[in-house]
Amino acid sequence: LSSEYPVEVDLPAPEELKASYDVVIIGAGGHGLATAYYLSKYHGITNIAVLEKGYLGGGNTARNTAVIRSNYLTSEGVKFYIESVRMFENLSNEFDFNIMYSGRGQLTLAHTDATVRAFRQRAEVNKHFGGRTEMIDRQQIRELVPSLNLDPGQIPVLAGLWHIDGGTARHDAVAWGYAKGAAKRGVEIHQLTEVQDFVVEGDRIRAVKTNRGTIQCGCVVQAVAGTSSLLMNKLNIKAPIHTYPLQAMVTQPFKPFLDPLVSSSALHCYVQQTSRGEIVFGGGSDPYPLYNTRSTLDLKESLLASAVEMFPFMANAKLMRQWAGITDMTPDYSPIMGLSPIDGYYLDAGWGTWGFKATPICGKTMAELVASGGKVPELIAPFGLDRFSRFQQVNEMGATAASH
Ligand code: FAD
């Protein structure tokens with residue numbers, strides 16, 4: 001923990017694995033822990049094991065750039081993410097634990113007429129469902145972010161999509177808050193416990209096989225982000241998930257100069273300043289599929305070039321850290337949530353580069369799904385795996401890209 005964040009996170013000592021649980025959740029990232037939290041707090045289900053092959057919150061939950069927003073394109077997406085942003089706003093109160101939520105707004109830059117048209121549509125859809133998003137012109141952008149270069153290279157900024165509800169939160173604290181709340185109610189969180197295989201009888205899941213033995217279970221929630229396709233393969237569940245690394249990096253600290261999050265779809269780069277003064281930036285996924293969390297020089301060079309176009313003074317900034325996560329991308333840039341072809345095996349997958357912001361609403365809706373024995377909540381019904389065979393994709397590609 002940094003000295004800026006002197007909070008102790010008390011979790012009970014790990015228990016022995018029991019032979020059986022009502023619910024097994026695979027993955028102690030934000031999504032798995034949130035599901036355990038809402039199940040235990042709001043549905044009275046506490047005989048739960050969260051199994052984590054590494055350490056709590058050490059997957060993409062620890063690696064993301066913490067962008068929270070709801071300015072998507074489809075009505076299905078906007079309704080879902082708006083609910084999540086609302087939950088984020090109250091999460092510190094819910095936990096009685098500071099997740100450092102900062103609702104400072106997100107600005108996305110349009111460099112072409114086509115993007116301006118698409119942004120108008122996003123602003124209207126967002127407003128229709130109660131979000132706060134509007135189009136702003138160059139002068140308003142200049143006032144909002146005085147240090148931004150409005151004429152980068154050959155692609156001047158034409159307008160901006162100003163999403164007042166955009167923000168960030170400390171991602172580790174979100175995982176810790178959910179873990180503390182779930183553990184307090186009796187949920188067992190077992191780190192260094194990898195699910196390696198399954199026992200299925202007929203069409204029903206019966207047990208998971210781990211490096212610490214076989215565990216019987218009433219049902220299973222899969223919330224493993226980057227390795228979703230690997231576990232689904234073991235159960236022969238077919239899903240159009242492709243797996244790519246996504247990198248991000250952070251500079252030395254600077255005096256505060258940037259309040260909103262700023263993102264450019266044409267430069268494929270987004271920039272934000274943390275409360276410690278560091279500048280975080282990221283972009284799109286690596287251009288080839290891989291299950292690996294290494295960083296590469298070519299990505300750093302191209303991303304830095306874009307960041308310097310946006311904020312020329314950053315040419316002198318020193319990089320302090322870089323990292324990557326493994327992302328499970330779907331063709332329509334929407335998640336895969338809900339039922340699977342195996343009875344009692346529930347999916348929270350396909351979270352790609354955009355799933356941190358959905359952590360609270362995923363936990364809440366996945367808990368409702370489990371507690372009801374498989375009744376899919378209306379909010380996540382559009383994201384079912386079967387949408388790909390019904391040709392009913394929820395296309396958020398244009399609203400995701402480099403903004404996450
Ligand atoms: P994770 O946090 O990855 O948790 C899954 C856990 O499952 C891991 O801890 C893993 O160790 C464990 N696991 C895997 N396999 C097994 C197994 N077989 N047995 C037991 N445990 C297993 N999203 C946003 O909304 N905003 C952003 O700004 C943003 N930026 C991002 C930037 C980067 C660089 C990256 C990599 C991602 C970004 N994302 C962003 C995406 C976001 O981080 C993820 O979608 C989200 O964190 C997924 O949460 P999760 O709990 O499902 O997964």
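Look above for the structure.
Below is a summary of the structure that appears in this document. Note that the structure is a prediction, hence the values are computed from the model and not measured.

Parameters at a glance
Residues numbered from 1 in each chain as written. Predicted model: local features only at pLDDT ≥ 70, side-chain atom pairs only at ≥ 80, totals over all residues. Heavy atoms only, no water. Helix = DSSP H or I, 4+ residues; strand = E, 2+ residues; numbered from the N terminus. Buried < 20%, exposed > 50% of the residue type's maximum accessible area, 1.4 Å probe, protein only. Contact = heavy atoms within 4.5 Å. Areas by Shrake-Rupley, 256 points an atom, 1.4 Å probe, with all protein chains shown as cover. Core = buried A, V, L, I, M, F, W, Y, C linked by side-chain atoms within 4.5 Å. Phe/Tyr/Trp six-rings, centres within 6.5 Å; stacked < 30°, edge-to-face > 60°. Lys NZ or Arg CZ within 6 Å of the ring centre and 35° of its normal. Salt bridge = Lys/Arg side-chain N within 4 Å of Asp/Glu carboxyl O.

### Side note on the overall build of the protein chain
Then, in step 1: Secondary structure assignment for the protein chain yields 11 helices and 16 strands.
Then, in step 2: Considered along the principal axes of its C-alpha atoms, the protein chain spans approximately 60 × 50 × 40 Å.
Then, in step 3: Sorting the 404 residues of the protein chain into buried and exposed places 55% on the buried side.
Then, in step 4: Restricting the contact set of the protein chain to residue pairs at least 6 apart, pairs at least 24 apart contribute 77%.
Then, in step 5: Accessible surface for the protein chain amounts to roughly 16500 Å². Of this, 50% is attributable to carbon and sulfur atoms.

### Comments concerning the nonpolar core
Then, in step 1: Core analysis: the biggest nonpolar cluster contains 58 residues, and Leu33, Val50, Phe80 and Tyr178 have the highest contact counts within it.
Then, in step 2: Those elements that provide at least two residues to this core are strand S1 (20-26), helix H1 (30-42), strand S2 (48-51), helix H3 (75-89), helix H4 (91-95), helix H7 (171-184), strand S9 (213-222) and helix H10 (359-371).
Then, in step 3: With eight residues, the single largest contributor to this core is H7.
Then, in step 4: If you look at the next biggest cluster of nonpolar residues, it comprises 26 residues, including Val24, Ile26, Val220 and Ile241.

### Here we look at the packing of aromatic side chains
Then, in step 1: Summed over all chains, the structure comprises 16 aromatic pairs.
Then, in step 2: Note on Phe198 and Tyr345: the rings are 5.3 Å apart at their centroids and 85 degrees apart in plane angle, and the pair reads as edge-to-face. One end of the pair, Phe198, is in strand S7 (residues 195-201); the other, Tyr345, is in strand S16 (residues 345-349), and 147 residues separate them in sequence. One exposure class covers both Phe198 and Tyr345, and it is buried.
Then, in step 3: Ring centres of Phe254 and Phe313 lie 5.4 Å apart, and the angle between their planes is 90 degrees; on these two criteria the pair is classed as edge-to-face. Of this pair, Phe254 sits in the loop between strand S10 (242-253) and strand S11 (261-264) while Phe313 sits in the loop between helix H9 (297-310) and strand S14 (319-329), and the two are 59 residues apart along the sequence.
Then, in step 4: By way of ring pairs, the aromatic residues Tyr37, Tyr38, Tyr42, Phe95 and Tyr178 are connected into one cluster.
Then, in step 5: The side chain of Arg69 reaches across the aromatic face of Tyr72, ending 4.4 Å from its centre.

### Focus on the pattern of salt bridges
Then, in step 1: Within the structure shown, the criterion is met by 14 salt bridges.
Then, in step 2: For the salt bridge of Arg294 with Asp286, the shortest nitrogen-to-oxygen distance reads 3.1 Å.
Then, in step 3: Owing to a relative accessible area of 24%, Arg294 belongs among the partly exposed residues under this scheme.
Then, in step 4: Three or more residues are tied together by salt bridges with common partners; here these are Arg276, Glu278 and Arg321.

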